[in-house]
Amino acid sequence: MTGKIPETSRYKPINGEEFDFIIVGAGSAGSAIANRLSEIAQWKILLLEAGYPPVEVHDMPILAPVFQFTPYNWKNLMEKQDYMSLGLEDQRMSWPRGKGIGGSSLINYMIHVRGNRLDYDKWAAMGNPGWSYDDLLPYFMKLEETRTRHQDSQYRGHEGYVKVEDVPIRTRSAETFIEALQQMGYSYVDYNGYQQIGVSYVQATLQDSRRCSAEKAYLRKAQERGNLKIIKKALVTKVIINPITLEAEGVEYERDGMYYTAKARKEVILSAGAFHSPQLLMLSGIGPRYHLSELDIPVLKDLPVGQKMYDHLSFPELVITLNESIVFKASSFGINEFKKYFSNQPSLISTLGGVEALAYLNLNLTNRNPTYPDVELIFMGGGLHSDFGLITRKTFRITDRMYNRIWKPIENENACQILPMLVHPKSYGYIKLKSKDPHVQPKLYGNYLTDAYNEDVRTFIASIRAIQEIIQTPAFQRYNAQLLDTPVPGCELFRFDSDPYWECALRHLAVTLHHQVATCKMGPKYDPEAIVDSSLRVYGIKRLRVADASVIPLPVTAHTNVPAYMIGEKASDLIKQDYMYRPYQNY
Ligand SMILES: Cc1cc2nc3c(=O)[nH]c(=O)nc-3n(C[C@H](O)[C@H](O)[C@H](O)COP(=O)(O)OP(=O)(O)OC[C@H]3O[C@@H](n4cnc5c(N)ncnc54)[C@H](O)[C@@H]3O)c2cc1C
């Protein structure tokens, strides 16, 4: 139910106050950790968050893209990349990140995916004991309460804080997509269960058809515990590290122009996300020596922080026109839908910005294991035209020139979209500080489609070919489905539908789906890229951990919210083990 948003952040700062644990960032992982650590009544926990608490409209799933234009988004832009993003404003991709109590779970699309068994088995094989799928399954189950109609019950949690539901409204076009994949031989699966390859309606992080954010799931109840203090609008500016003992002693933070310190008796935990955890490490003297020296930041520990960043790229240009009205239409979003929503009936307001179904395919390109996908297909029962280009395409910064040529002419047509997402990209980017001023956002480099053998482009093109096959199935041909063949402006010189044409189109219109990871990579000591060990402790610095999406060592076959929750749950247990069950440490 919507309910009143409780004042999750009523505390005021007190300079020099002491806590057992200080958590930086109330996002997906940080909220889970704050909840789990505050279960121990003797521990005093501080959770510092740069943004504001959510408001009631956050609950409305249909509004997901809108929050990117509000102060709940850090509003970062990727640095310009040669021969990339040619159809985007200023050739710069938008890289949103949630800023608020709930973090990115306040502005995300609520797609609930855990990832593939092999993702995590790879983490373990890389030298991270305790992170195989079998090790992590209890955490994936612990975090969720699955309420979906179709589920592999033995793999799914039923008592967790994060609620998982079906979207209450479905279009016939989504049904057609599922039928089409089945006609091609794919099974209908619980992609969070035994088998991921296949097709399914999307599973959503929803509670009673409303957004279930990290704030709602983990903090609303926990903040009633007397030992958890949450401070909003508190920008942590650095971790205070003793330069002699190399121990984290606390943090410095700024609120309304005033600077405060908070002391940690036990640990500081950075959960500021894939951009800001590495930024904070570097501001605190932990990072590549040459880079910190460039900015006159005294180096406490030379580590390759931010040197590698993987992401999931997608391509939102594949539009399928149909001869019947079986899709979402802007005209359907009337006052009636709000009435239904507020009276708890199935309503279009509860749809995930148009995302309805997912399919996972192995195209035999990034790997030869038939159970391990190399692309995810995201089916939308509408497209960038459905809101007349006013919102979603603007979140991607697609230019007027592109929109007016490709989507505008079909604004009143029956059309849906399939977005391929490359789940195991070979290309990777990096992150650098722009300034040693903590208020200045870091520089983000995507470096997309730059791998030596052009494998990322080839996998994308193979996924486009797979989508063309889907359109040719009897299920879609019942509606005379056609792939829109308007050439992408700038690619007219290539023969439409040739491989070089698609590469050109990708370089104009491919966009991130916001799954940046690996900027504080977890790995064994012998891994030259590792920042944290398998207990998430920063190498060379005592009493400092990182626990959020930044520690994910390789891209997962998932959207990254559930993995971030899992990391929060697992980190909490690692911390409890260290302080509760080891005889030589007190709590
Ligand atoms: C637009 C968008 C759509 C997405 N859609 C999906 C989806 O549908 N499904 C899915 O699974 N994933 C999705 N994701 C990704 C997913 O939401 C994130 O990967 C996940 O929430 C990351 O969790 P985290 O804990 O690592 O960081 P975050 O949730 O980003 O939390 C970090 C928190 O730290 C705070 N912070 C940062 N710096 C400081 C500082 N210096 N001081 C104090 N606080 C600070 C931030 O304000 C933020 O609240 C989406 C992401 C975005 C941006």
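Residues numbered from 1 in each chain as written. Predicted model: local features only at pLDDT ≥ 70, side-chain atom pairs only at ≥ 80, totals over all residues. Heavy atoms only, no water.

## Focus on the UniProt feature "active site" (unreviewed entry) in the chain
Alright, step 1. Those residues carrying the UniProt feature "active site" (unreviewed entry) are His515 and His559 in this numbering. The largest pairwise C-alpha distance within this set of annotated residues, which runs over 45 residues, is 6.4 Å, so the set is compact in three dimensions.
Alright, step 2. Classification of His515 as buried rests on a relative accessible area of 6%.
Alright, step 3. Not counting the four nearest positions on each side in its chain, His515 is found in contact with Tyr310, Asp311, His312, Met421, Ala558, His559 and Thr560.
Alright, step 4. Within the structure, His515 has its side chain in polar contact with the backbone oxygen of Leu513 (distance 3.0 Å).
Alright, step 5. What makes His559 buried here is its relative accessible area of 7%.
Alright, step 6. Setting aside residues up to four positions removed in sequence, His559 forms contacts with Ile111, Val113, Glu376, Ile378, Met421 and His515.
Alright, step 7. At 2.6 Å, the side chain of His559 and the side chain of Glu376 are in polar contact. (UniProt positions renumbered as here; feature names shortened; annotations may be inferred. Buried < 20%, exposed > 50% of the residue type's maximum accessible area, 1.4 Å probe, protein only. Contact = heavy atoms within 4.5 Å. Polar contact = N/O pair within 3.5 Å; in protein donor to acceptor, adjacent residues only side chain to side chain.)

## Remarks on unusual backbone geometry
Trans peptide bonds make up the majority, and among non-glycine residues the majority have a negative phi.
Alright, step 1. Non-glycine residue Gln91 carries a positive phi angle of around 55°.
Alright, step 2. Here Gln91 lies in the loop between β3 (76-77) and β4 (94-95).
Alright, step 3. Backbone geometry at Leu536 places phi at a positive 70°, although glycine is not the residue there.
Alright, step 4. In this fold, Leu536 is placed in the loop between β25 (511-512) and β26 (544-546).
Alright, step 5. Overall, Leu536 belongs to the buried group, its relative accessible area being 0%. (Helix = DSSP H or I, 4+ residues; strand = E, 2+ residues; numbered from the N terminus.)

## Observations regarding the site of the ligand
Alright, step 1. Lining the immediate surroundings of the ligand are 39 residues, of which Ser28, Glu49, Ser104, Thr560 and Asn561 lie closest.
Alright, step 2. Here a nitrogen atom of the ligand sits 2.9 Å away from a polar atom, N or O, in the main chain of Ile111.
Alright, step 3. Here the ligand loses 99% of its free accessible area of 1,000 Å² to cover by the protein chains.
Alright, step 4. The leading source of residues in the shell around the ligand is helix α6 (residues 273-283), at 3 residues. (Near = heavy atom within 4 Å. Areas by Shrake-Rupley, 256 points an atom, 1.4 Å probe, with all protein chains shown as cover.)

## Some remarks on the sheet that holds strand β5 (residues 144-146)
Alright, step 1. Reading across the sheet, the 3 strands line up as β5-β6-β8 and stay open at both edges, with mixed pairing between neighbours. Among the strands making up the open sheet, the edge pair consists of β5 and β8 (203-204).
Alright, step 2. Packed onto the sheet, helix α3 (residues 133-143) meets β5 and β6 (162-166) and runs at close to 70° relative to β5. (Pairing = 2+ DSSP bridges. Axes fitted to C-alpha atoms, helices over the stretch in contact; angles between N-to-C directions.)

## Focus: the state of the cysteines
Alright, step 1. Going through the model one piece at a time under the given rule, you end up with 1 disulfide.
Alright, step 2. Paired by a disulfide, Cys491 and Cys504 hold their sulfur atoms 2.1 Å apart. As the torsion about the S-S bond is roughly -85°, the Cys491-Cys504 disulfide counts as left-handed. With Cys491 in the loop between β24 (482-483) and α13 (499-509) and Cys504 in helix α13, this residue pair connects regions lying 13 residues apart in the sequence. (Disulfide = S-S within 2.5 Å.)

## Observations concerning the nonpolar core
Alright, step 1. Counting residues in each nonpolar core, the largest one holds 180 residues, and the members touching the most others are Phe177, Leu281, Leu536, Leu544 and Met566.
Alright, step 2. Of the domains in this structure, domain 1 (1-66 + 103-167 + 213-306 + 517-587) and domain 2 (173-201 + 313-424 + 449-509) are the two that each give at least three residues to this core. (Core = buried A, V, L, I, M, F, W, Y, C linked by side-chain atoms within 4.5 Å. Domains from an automatic or database assignment.)

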